[in-house]
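Here is what each chain is made of, one letter per residue.
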Amino acid sequence: MADIPDLPPIDTHYMLEFLTGLLKTPSPTGFTDLAIAFTEQALAAFPELEISRTHKGALIAKWPGKQDDAPRALTAHVDTLGAMVKEIKYNGRLKLTKLGGFAWNAVEGEGCTVFTHDGKIVRGSILLYKASSHVHSSDVSDTKRSDDTMEVRLDAITHYASATRALGIEVGDFVAFDPRVEVTNGFVRSRHLDDKACIANMLAAIKALHDAGLKPAQTTYLHISNYEEVGHGGAHGFPADIHELLTLDMAAIGEGQPSDEFHATICVKDSGGPYHYGLNQKLRKLADEYEIPYKVDIYPYYGSDGEAWWRAGGDAAVSLIGPGVDASHNYERTHTDALVATTKWVVAYLLN
Ligand SMILES: [Zn+2]
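Residues numbered from 1 in each chain as written. Predicted model: local features only at pLDDT ≥ 70, side-chain atom pairs only at ≥ 80, totals over all residues. Heavy atoms only, no water.

Visitor: Would you mind going over the overall build of the protein chain in detail, with residue names and values included?
Guide: Of regular secondary structure, the protein chain possesses nine helices and 19 strands. Computed over C-alpha atoms, the radius of gyration of the protein chain comes to 21 Å, within 12% of the 20 Å expected from 2.2 N^0.38 for 352 residues, which places it in the range of a compact globule. Along the longest, intermediate and shortest principal axes, the C-alpha atoms of the protein chain span 70 × 40 × 40 Å. Within the protein chain, the fraction of its 352 residues that count as buried is 55%. Here the contacts in the protein chain between residues at least 6 apart in sequence split such that 76% fall between residues at least 24 apart. (Helix = DSSP H or I, 4+ residues; strand = E, 2+ residues; numbered from the N terminus. Rg over C-alpha atoms; globule rule 2.2 N^0.38 Å. Buried < 20%, exposed > 50% of the residue type's maximum accessible area, 1.4 Å probe, protein only. Contact = heavy atoms within 4.5 Å.)

Written out as structure tokens, the structure reads:
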């Protein structure tokens, strides 16, 4: 490794602390200001970054590099799956509409928070409308989960639509699912590791360079997207002259997938087609040289903000890397090994 710079150490404790804090900050797509503010505050610890927000609410940080002739960008998204109040039922309970793509059974029984349009918070849980086994017997297992059969039971006394409205709840209010974060034996188990894990990777990479007094090889724009789960977060917010865009998003684990919870993954193809071969080759070479544990994978039902930038007309080489996340868009889990591997890969990319 004589011709490439050594990697500075990664502060794993910092990474996990930041990640836990971000996971506990609700940010369903369309209601991301709290998580954007949380991330902005963390970025503010690094005075070398010039931080701004776009009109759409994404966070951008410009990081001047040793050179400025081939600027780059990194993107990761702070928005998550969630829901919105679709209807207040006659019995005071709520029907929801989904924000992002997931199966209702993945959030059945989960606690949730309703954010009323006038700034109040009401707690509740997501249940099948025929939830009690003692009343509905086999209907509890046989009923298809859908927008019409799932409801929110509010932790407030309400048996009528008017009583729910009196709580301040209306159609269009945002609903966040409880993340249930737990860190055990190096595993991080939580909802919304997609894509908060990658924001933590990005922050830990910035801190590694900052603490070692290093600059990125090229001026680099850090893009914290707030509309990825609905497909257009990456469609704006990058300067037109970026040469490369490294997308950081979770790797999907499952039968037939090489990805696992202990490696970083480079995705060479997903639903949007192949990523950029040249940049992929460069990233794989870096991972090989720095002995970063990684997999190469293809995700069958997946899109990314890097592709959103391509669809918007962005002229940059785009690649996608991220930590392996089990049970994606469900109750997710990854391991610190995958988080460290991804962070090292980002650091290696920034320095070379
Ligand atoms: Zn994602």
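That was the structure; now back to the text.
Visitor: Can you lay out the pattern of salt bridges for me, pointing to particular residues and giving the numbers?
Guide: Tallying each qualifying case throughout the model produces 19 salt bridges. Glu108 is the salt-bridge partner of Arg145, the closest N and O atoms lying 2.8 Å from each other. Here Arg145, found in the loop between helix H4 (139-142) and strand E8 (150-154), pairs with Glu108, found in the loop between strand E5 (94-99) and strand E6 (111-115); they are 37 residues apart in sequence, far enough to count as distant. Residues joined by salt bridges that share partners form a network here, namely Asp11, Lys207 and Asp211. (Salt bridge = Lys/Arg side-chain N within 4 Å of Asp/Glu carboxyl O.)

Visitor: If you had to explain the coordination of the zinc ion to someone new, which residues and values would you point to?
Guide: Only His77 (NE2), Asp194 (OD), Asp249 (OD) and Asp249 (OD) from the protein reach the zinc ion as donors, at distances of 1.9 to 2.5 Å. All donors of the zinc ion belong to a single chain; written as a sequence motif, their spacing is H-x116-D-x54-D. Here His77, found in strand E3 (residues 67-77), pairs with Asp194, found in helix H6 (residues 193-211); they are 117 residues apart in sequence, far enough to count as distant. Across the pair, Asp194 and His77 agree in class, each one buried. (Donors = N, O, S within 2.8 Å, 3.2 Å for Na, K, Ca; no water.)

Visitor: Could you give me a rundown of the sheet that holds strand E10 (residues 182-184), with the residues and numbers involved?
Guide: The three strands lie next to each other as E10-E11-E19, forming an open sheet whose pairing is antiparallel. The outermost strands of the open sheet, each flanked by one partner alone, are E10 and strand E19 (332-335). For this sheet the average axis-to-axis angle between neighbouring strands, irrespective of direction, equals 20°. Here H6 sits on the sheet in contact with strand E11 (187-190) and E19, set at roughly 30° to E19. The strands touched by helix H9 (residues 336-351) within the sheet are E11 and E19, with E19 carrying the most contacts at an inclination of about 65°. (Pairing = 2+ DSSP bridges. Axes fitted to C-alpha atoms, helices over the stretch in contact; angles between N-to-C directions.)

Visitor: Any details on helix H2 (residues 33-43)? Residues and values, ideally.
Guide: Those residues of H2 that fall on the buried side of the exposure criterion are Ala35, Ile36, Thr39, Ala42 and Leu43. Down the axis of H2, the smallest arc covering the buried residues is 125°, so these residues share one side. Facing away from the buried surface of H2 by more than 90 degrees, the exposed residues are Asp33 and Gln41. Next to the buried residues of H2 lie helix H1 (12-23), strand E1 (50-53), strand E2 (59-63), H6 and strand E12 (218-225). (Arc of directions from axis to C-beta.)

Visitor: Pulling in residues and values, what's your account of the packing of aromatic side chains?
Guide: Summed over the entire model, instances satisfying the criterion amount to 10 aromatic pairs. Through pairs of rings, three or more aromatic residues link up here, namely Phe31, Phe115 and Phe174. Above the plane of the ring of Tyr349 lies Arg72, whose end atom (NZ or CZ) is 4.4 Å from the centre. The ring of Tyr331 has Arg180 sitting right over it, with the charged end atom 4.1 Å from the ring centre. (Phe/Tyr/Trp six-rings, centres within 6.5 Å; stacked < 30°, edge-to-face > 60°. Lys NZ or Arg CZ within 6 Å of the ring centre and 35° of its normal.)

Visitor: So what about the environment of Phe31? Which residues, and what values?
Guide: Here Phe31 lies in the loop between H1 and H2. The class of Phe31 is partly exposed, set by a relative accessible area of 28%. Separated by 236 residues in the primary sequence, Phe31 and Cys267 place their C-alpha atoms 28 Å from one another.

Visitor: Which residues make up H9, and what values do they have?
Guide: Taking 1.5 Å of rise per residue, 16 residues should cover 22 Å, and H9 covers 22 Å from first to last C-alpha, within 8% of that figure. Of all 16 residues in H9, 14 are buried; the element is thus mostly enclosed. (Expected span 1.5 Å × (residues − 1).)

Visitor: If you had to explain the packing of H2 against H6 to someone new, which residues and values would you point to?
Guide: Their axes nearest at 11 Å, the elements H2 and H6 cross at an angle of 15°. Comparing the axis directions of H2 and H6 gives the class roughly parallel. As H2 runs across H6, the sense of the crossing is right-handed. Residues Thr39, Ala42 and Leu43 of H2 lie in contact with H6, whose contacting residues are Ile199, Leu203 and Ile206. Of the residues belonging to the contact of H2 with H6, the class tally is five nonpolar, one polar and no charged. (Parallel < 35°, antiparallel > 145°, perpendicular 65-115°, else oblique. Left-handed = near helix turned anticlockwise from the far one by under 90°. Nonpolar A, V, L, I, M, F, W, Y, C, P; charged D, E, K, R; others polar.)

Visitor: Help me get a handle on the environment of Asn91, residues and values and all.
Guide: Tracing the chain through its elements places Asn91 in the loop between strand E4 (82-88) and E5. Setting aside its immediate chain neighbours within four residues, Asn91 contacts Glu151, Thr158, His159 and Tyr160. Only 3.1 Å separates the side chain of Asn91 from the backbone nitrogen of Arg93, close enough to count as a polar contact. (Polar contact = N/O pair within 3.5 Å; in protein donor to acceptor, adjacent residues only side chain to side chain.)

Visitor: Hey, could you go over the side chain of Asp194 for me, with residue numbers and the actual values?
Guide: Although Asp194 is buried, it makes no salt bridge; Lys196 carries the closest opposite charge, 10 Å away. For Asp194, the side chain forms a polar contact with the side chain of His77, separated by 2.9 Å. There is a polar contact of 2.7 Å between the side chain of Asp194 and the side chain of His329. Apart from the residues within four sequence positions on either side, Asp194 is in contact with His77, Asp79, Thr80, Glu229, Asp249, Met250, His329 and Glu332. (Lys, Arg positive; Asp, Glu negative; His and termini not counted.)

Treat this as a map of the structure, not an account of what it does.
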